[in-house]
Amino acid sequence: MTATAPATVDELGLQGCLYLWALLTGQSKRLLVAPTKRLTLVVLNHLQEKGVIEVPWPTERWELQPDAPATPIENLQWRLTWDAYEPGRLGEALEDYFDTLERDDFVTAFQLRLWTDIGSAETERFFEQQLAKHRFPGGWALDIAFAYRDCPVLTLAQWRYCAWAAVRRGASLALQQGPQTDGVREAIYQEVRRRASAVASGAWSGCSFPPSSPHPESALGRGFAYRVTRLGPLYWTGWPSSEVLLGRTTA
């Protein structure tokens, strides 16, 4: 059941405000809402449950409302139903909320959870891109979430390195042994885990692939790195930790 819509952005809360900012920014700037379509669906579902938007689910589009807004990249329809603010002032209200956000222990803990969740999706997206370059099934990208969960101390740039190296290893095996998909998929997954473990232990240094632009591709990533936190490029190169979030260390 959809909850009663919040009266203010403060009632919407940090997660809801970030999600709504990402949805509106993705719409206006032609960006991915989130790094993966699955996380975009999480964003939309959260805002629907808060009574902020409507969605046509279980279908992706309203047959009788073809002109309803749709996320530019994912092509998922939605409609803003929240009338607590005038549409033209909603973005300003969200920005004011982020600017006045208190940096207490509760907020920092919640930011850390968001960083972990968004980071997992960032890792999956990059892994999928690498798989596609070598013509492996994109669905294999889901595997990296298991490795990410078991090795939380790496930076996103280090995870990008592990994904890149593991797919290259899989491509080499496919050339040598033929494309036996089950064996190649498992080999890639185990290589991700092996490299993540080696990097985390300090056995290997310099294994980091930050993107050429510090700005995340998705609105959700940008909102987290530059609105909800002051991480900036540390979104990619900082370990997800309260110390980095609070500016006590850079890595």
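Along each chain, residue indices are assigned from 1 in the same order as the chain's sequence is written. The predicted origin of the model limits local features to residues at a pLDDT of at least 70 and limits the giving and counting of side-chain atom pairs to 80 or more, whereas totals for whole chains, interfaces and linings rest on all residues. Note: side-chain values were computed over all heavy atoms of the structure, leaving out hydrogens and water.

Caption draft 1: The nonpolar core, seen in detail. Counting 73 residues, the largest nonpolar core has F127, F136, W159, I188, L220, F224 and Y235 as its most contacted members. Once residues within four sequence positions are removed from consideration, F224 is found in contact with L18, Q111, L114, W115, I118, T229, L231, Y235 and L245. For this analysis, a nonpolar core means a set of buried residues of the types Ala, Val, Leu, Ile, Met, Phe, Trp, Tyr and Cys, connected via side-chain atoms within 4.5 Å. A simple rule labels every residue: compare its accessible area, found with a 1.4 Å probe on the protein chains alone, to the largest value its type can have, and call it buried under 20%, exposed over 50%, or partly exposed in between. Whether two residues are in contact is decided by their heavy atoms, any of which lying within 4.5 Å being enough.

Caption draft 2: Region of the structure containing the packing of aromatic side chains. Each Phe, Tyr or Trp ring (for Trp, its six-membered ring) is paired with any other whose centre lies within 6.5 Å, and the angle between the two planes then decides the class: stacked below 30 degrees, edge-to-face above 60, tilted in between. One pass over the full model with this rule turns up ten aromatic pairs. Centroid distance W82 to Y85: 5.4 Å. Interplanar angle 70°. Geometry classified as edge-to-face. What makes Y85 partly exposed here is its relative accessible area of 23%. Taking 5.9 Å as the distance between ring centres and 70° as the angle between the ring planes, the aromatic pair formed by Y97 and F98 counts as edge-to-face. Comparing Y97 with F98 shows no difference in burial state: the two are buried.

Caption draft 3: Quick look at the side chain of T123. On the secondary structure map, T123 appears in helix α4 (residues 105-133). Beyond its immediate sequence surroundings of up to four residues, T123 is in contact with I144, Y148, L156 and W159. For helices the rule is a DSSP run of H or I covering at least 4 residues; for strands it is a run of E covering at least 2, with both sets numbered from the N terminus onward.

Caption draft 4: Just the packing of helix α1 (residues 9-29) against α4, in detail. All axes here are fitted lines through C-alpha atoms, helices being fitted over the stretch that makes contact, and every angle between N-to-C directions spans 0 to 180 degrees. Axis separation between α1 and α4 bottoms out at 11 Å; the angle between their running directions is 35°. Between α1 and α4 lies a crossing whose hand is right-handed. Residues L14, Q15 and L18 of α1 form the contact with α4, whose participating residues are V107, F110, Q111, R113, L114 and I118. Polar here means any residue other than Ala, Val, Leu, Ile, Met, Phe, Trp, Tyr, Cys and Pro, which are nonpolar, and Asp, Glu, Lys and Arg, which are charged; Gly is therefore polar. Of the residues belonging to the contact of α1 with α4, the class tally is six nonpolar, two polar and one charged. Definitions for this section: a left-handed crossing has its near helix turned counterclockwise from the far helix by less than a right angle. A right-handed crossing has that turn clockwise.

Caption draft 5: Focus on unusual backbone geometry. A cis geometry characterises the amide bond from W57 onward to P58, with omega recorded as 20°. Counting through the fold element by element, P58 comes out in the loop between β1 (53-54) and β2 (79-80). Positioned with a positive phi, N75 is a non-glycine residue whose angle comes to about 60°. Checked against the element boundaries, N75 lands in the loop between β1 and β2. Exposure remark for N75: the relative accessible area of 40% places this residue in the partly exposed category. The phi angle at R135 is positive, at roughly 60°, despite the residue not being glycine. Mapping R135 onto the fold places it in the loop between α4 and α5 (144-150).

Caption draft 6: Structural view of α4. Here, expected helix span is obtained from the residue count minus one, scaled by 1.5 Å. The end-to-end C-alpha distance of α4, which contains 29 residues, comes to 42 Å, matching closely the 42 Å that a straight helix rising 1.5 Å per residue would cover. Capping the start of α4, D104 holds a side-chain oxygen 3.3 Å from the backbone nitrogen of F106, two or three residues further along. Of the residues flanking the end of α4, it is R135, one or two places downstream, whose phi is positive at about 60°. Whenever two N or O atoms come within 3.5 Å, that pair is a polar contact, provided that in protein one can donate a hydrogen and the other can accept it, and provided that, for residues adjacent in sequence, both atoms are side-chain atoms.

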